[in-house]
Each structure stands twice: as C-alpha cells, then as structure tokens.
Amino acid sequence: MAFLVDLPASCRIDIFVFYLLSWTVTIARLLSRYLCRRASMEGVAADDKNATRCNTPCCTRASVHSPRTQNADFRLTSTASVAEENDDDNGLFSPVPPRPECPICMLTLPLPGNGTTCMSCCGHILCTACVHENRRVIQENNTRRMARYPDNPCMLRTRCPLCRETIPRTTEEELIRLRQKMESKKAYAFFLIGEKYQFGLDGLKKNERKAFEHYLCAADLGHVYAKLKVALSYLVGNSDVVEMDVEEATDYLVAAAKEGCVEARFLLGAIEHSTKEDKSLAYKHWGISASFGCDRSMNSIKRGFDEGLVTEDEYQRVKRHHQKANDEMKSEERNKYFADKRDKEEQQ
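Residues numbered from 1 in each chain as written. Predicted model: local features only at pLDDT ≥ 70, side-chain atom pairs only at ≥ 80, totals over all residues. Heavy atoms only, no water.

A. Examining the overall build of the protein more closely. For the protein, the count of helices and strands is 14 helices and 2 strands. Taking the contacts inside the protein whose residues are at least 6 apart along the sequence as the reference set, 54% of them involve residues at least 24 apart. As presented, the protein carries roughly 20,000 Å² of accessible surface, and 52% of it is formed by carbon and sulfur atoms. (Helix = DSSP H or I, 4+ residues; strand = E, 2+ residues; numbered from the N terminus. Contact = heavy atoms within 4.5 Å. Areas by Shrake-Rupley, 256 points an atom, 1.4 Å probe, with all protein chains shown as cover.)

Right, here's the structure in full:
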C-alpha cells in the first residue's frame with residue numbers, strides 16, 4: 001500500500017470510499033439474505049402454505065419460497081406415493097431440493113447454459129446478468145477516473161462481487177488460477193478445466209479424454225454438473241474415451257438428480273421411457289423436471305398428454321409449475337442483458 005502515498009489526496013479518498021461502499025453493500029446483501037431465510041423458516045413453522053413476503057429493500061422478489069413449500073403441490077401429489085411404493089429408490093423421490101439462487105440478485109438461477117457463469121476464483125455460480133452489471137459499473141468508474149485524473153487515474157481491477165478476488169485479465173491468468181485451485185482439490189476447478197478441454201477453449205486443444213478425466217475427478221469431489229457430464233459420456237459412449245454403459249450412467253444421473261439437477265432428472269425419464277414397458281415412472285421424472293423449468297421435460301409431458309398417458313389434471317398442474325418456474329428466473333435486468341446480447345450478435 002506504499003504506492004498510495006504518492007497519489008493525490010482526493011484520489012486516496014476515492015479509493016477509500018469505494019472499498020467502504022463495496023463492503024457496506026456486501027454486508028447489506030448478506031443481512032438481507034439472512035432476514036429472508038429467517039422469515040421463510042418462520043412461515044414454514046407456522047404451516048403457512050403461501051410464500052412469506054419479504055419487505056427488505058435489497059430483495060427484489062415478491063416472495064421467498066422455502067425448500068419445503070416451493071413447487072410443493074406437484075411434489076406432494078406426484079412423488080410422495082412413488083416414494084412409498086418404491087422403498088429401494090434410496091431417496092430419489094424424497095422432497096426435491098429447490099433450484100439454487102443467484103447470491104447477488106437473489107433470483108432463481110437459470111438452467112445451466114442459459115445465462116449462468118461459474119466464477120473461477122471462488123466457484124460460485126452467478127447469473128450472467130449480475131456478472132455483466134458488475135463489470136459495467138467498474139468500467140464506468142474507471143471512465144470517470146480517467147476524466148478526473150488524466151495523469152494518474154488509479155484504474156480499478158474488476159473483482160468478483162462475492163469473494164472480491166480480482167478477475168483474471170487473460171486466459172493464461174485464469175488457467176494458472178484454476179490449476180492452483182485443482183491442487184487444493186476444488187471440484188469446480190476440475191469441472192471448468194474439463195469444459196475447456198471438451199470444447200477447446202482458452203488455448204487448450206480439444207481433448208475428450210482429458211475432459212472426461214477432469215469431469216470424473218470433479219464428480220468424485222461432489223460436483224453435481226460433473227456427475228451429469230460423466231453420465232452423458234457413458235450414455236453416448238466413445239471408443240477412445242469410455243464405452244457405453246447405461247447402468248453406470250444411471251448411477252451418476254441418480255446421484256445428480258438427488259442434488260436437484262434438472263437435466264439429470266430429464267435423462268432419467270428418457271432412460272425409463274426407452275427401457276421400461278411401464279412409462280409412469282418416466283413421466284414422474286419429467287413432471288418433476290418440468291416443474292423446475294425444463295422445457296424438454298415439458299415437451300415430453302405434452303406428448304404424453306396427446307398420447308393419453310398423462311391425465312389432463314396432471315398436465316395442467318405441471319404446466320402451471322413450469323410457467324411459474326420460468327417466471328421466477330426472469331427479471332428486467334436479465335431481459336435487458338439478453339436483449340443487448342442479441343443486438344450485438346445481430347450487428348456482428
């Protein structure tokens with residue numbers, strides 16, 4: 001911090017105020033989230049079926065749903081009986097964990113690949129709109145500093161809004177950080193490196209074998225989406241990487257589904273539908289997945305309804321929960337981010 005001595009007094013004050021405000025906002029968000037969770041638990045204790053309203057100013061949601069009440073109508077009517085009839089399900093149809101929330105905007109996270117970002121510094125999954133907004137605010141502050149202090153602007157580094165670590169400026173810096181995290185046995189680091197090998201990103205050559213090995217390590221460390229990736233590898237099969245093994249894939253899908261992975265639940269339904277004569281279990285998997293916003297599962301439920309395998313009451317109930325889940329994943333900020341993204345793609 002010795003370099004601060006050479007800076008103008010006004011510049012030092014700006015730096016101090018910036019860090020003070022950053023920590024104040026972080027503490028306010030944590031306090032707001034604590035109050036929301038506490039209000040939610042009080043609502044559950046009072047056996048309130050309606051969501052508990054949160055009036056804290058930092059929470060933009062109209063209500064907070066507890067893990068025991070979110071999508072409860074569908075789960076209680078469609079999965080409780082299955083859990084009683086199948087004692088060997090090992091908790092597969094026990095109350096499904098709720099969809100995770102973005103710790104910044106506290107809205108339900110979109111499904112992977114539809115607007116989520118895993119931070120390489122701490123492994124937290126944020127909605128891409130929040131990451132973009134954080135970067136935009138930093139850039140605006142730097143622009144004002146350039147105009148105010150052209151000789152010594154004191155440029156700010158973009159930081160993670162949660163752990164406050166600086167975001168790597170280059171892909172080389174990011175790879176070095178991820179490899180350091182791998183030495184500390186961080187599951188998300190193995191997963192992110194595996195994605196880079198799978199798609200040939202950030203200077204790494206495409207290598208499906210290395211990608212599978214990294215996914216397998218991440219799955220062993222408990223990463224839920226790594227379990228999904230490993231299961232997909234076993235389902236597709238590749239003579240150069242791994243042979244097709246539906247039973248092994250099912251084991252990984254079951255483990256991921258128990259942790260609330262919507263895509264794993266959809267694939268379990270597809271396996272049940274293609275291998276079993278009784279299709280009821282497949283539609284129960286798809287019903288749970290659709291109630292959390294999976295469009296492919298909703299389409300499968302619709303086909304079952306057209307074929308007479310799903311009753312109209314079940315179809316309408318799943319449809320309502322599917323729409324509700326999609327509404328919870330929307331916000332003005334996210335819609336604006338996706339609109340700006342589409343405009344940039346059209347201009348290119």
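Text resumes after the structure shown.
B. Layout of the pattern of salt bridges. Within the structure shown, the criterion is met by 7 salt bridges. The partner of Arg136 in a salt bridge is Glu133, with the nearest N and O atoms 2.4 Å apart. On the criterion of helical spacing, the pair formed by Arg136 and Glu133 is a turn pair, its members being 3 residues apart in helix H4 (residues 128-148). For Arg136, a relative accessible area of 30% gives the class partly exposed. Between Glu140 and Arg136 there is a salt bridge, with the nearest N and O atoms lying 2.3 Å from each other. Placement of the pair is Glu140 and Arg136 together in helix H4, with a separation of 4 residues, close to one helical turn. The partly exposed category is assigned to Glu140, whose relative accessible area is 36%. Among the charged side chains, a salt-bridge network with shared partners connects Glu133, Arg136 and Glu140. (Salt bridge = Lys/Arg side-chain N within 4 Å of Asp/Glu carboxyl O. Buried < 20%, exposed > 50% of the residue type's maximum accessible area, 1.4 Å probe, protein only.)

C. Molecular detail of the confidence of the model for the protein. Chain-level statistics for the protein give a pLDDT mean of 80 and a share of 76% at 70 or above. Scored below 50 in pLDDT, residues 40-88 shows 71 contacts in the model against residues more than four places distant or in partner chains. (pLDDT = per-residue confidence, 0-100.)

D. Representation of the side chain of Lys229 within the structure. Within the element layout of this structure, Lys229 appears in helix H8 (residues 224-236). Although Lys229 is buried, it makes no salt bridge; Glu195 carries the closest opposite charge, 4.5 Å away. The residues touching Lys229, leaving out its near neighbours within four places in the chain, are Phe191, Glu195, Gln198, Phe199 and Tyr215. (Lys, Arg positive; Asp, Glu negative; His and termini not counted.)

E. Fine view of helix H9 (residues 246-258). Taking 1.5 Å of rise per residue, the 13 residues of H9 would be expected to cover 18 Å, and the 18 Å separating its terminal C-alpha atoms lies within 8% of that figure. Turning to H9, its buried residues number three or more, namely Ala249, Tyr252, Leu253, Val254, Ala256 and Ala257. Packed against the buried residues of H9 are helix H7 (208-220), H8 and helix H10 (262-275). Among the residues of H9, the N-terminal cap falls to Asp245, whose side-chain oxygen and the backbone nitrogen of Glu247 are separated by 3.3 Å. (Expected span 1.5 Å × (residues − 1). Polar contact = N/O pair within 3.5 Å; in protein donor to acceptor, adjacent residues only side chain to side chain.)

F. Examining the packing of aromatic side chains more closely. In this structure the tally under the stated criterion is 7 aromatic pairs. For the pair Tyr283 and Trp286, a centre-to-centre distance of 5.3 Å together with 80 degrees between the ring planes defines the contact as edge-to-face. Separated by 3 residues within a single helix, Tyr283 and Trp286 lie in helix H11 (residues 280-291), roughly one turn from each other. Residue Tyr283 is classed as buried on the basis of its relative accessible area of 10%. (Phe/Tyr/Trp six-rings, centres within 6.5 Å; stacked < 30°, edge-to-face > 60°.)

G. Layout of H11. For H11, with 12 residues, the first-to-last C-alpha span of 16 Å sits near the 16 Å given by 1.5 Å per residue. Taking burial as the measure, the 12 residues of H11 include 9 buried ones, the bulk of the element.

H. Spatial organisation of the packing of H8 against H9. Where H8 contacts H9, the two axes come as close as 8 Å, and the packing angle between them is 160 degrees. Comparing the axis directions of H8 and H9 gives the class roughly antiparallel. Judged by the sense of rotation from one axis to the other, the crossing of H8 with H9 is left-handed. The residues of H9 that touch H8, namely those facing Val224, Lys227, Leu228, Val230, Ala231, Tyr234 and Leu235, are Glu248, Ala249, Tyr252, Leu253, Ala255 and Ala256. Its residues assigned to classes, the contact of H8 with H9 shows 11 nonpolar, no polar and 2 charged. (Axes fitted to C-alpha atoms, helices over the stretch in contact; angles between N-to-C directions. Parallel < 35°, antiparallel > 145°, perpendicular 65-115°, else oblique. Left-handed = near helix turned anticlockwise from the far one by under 90°. Nonpolar A, V, L, I, M, F, W, Y, C, P; charged D, E, K, R; others polar.)

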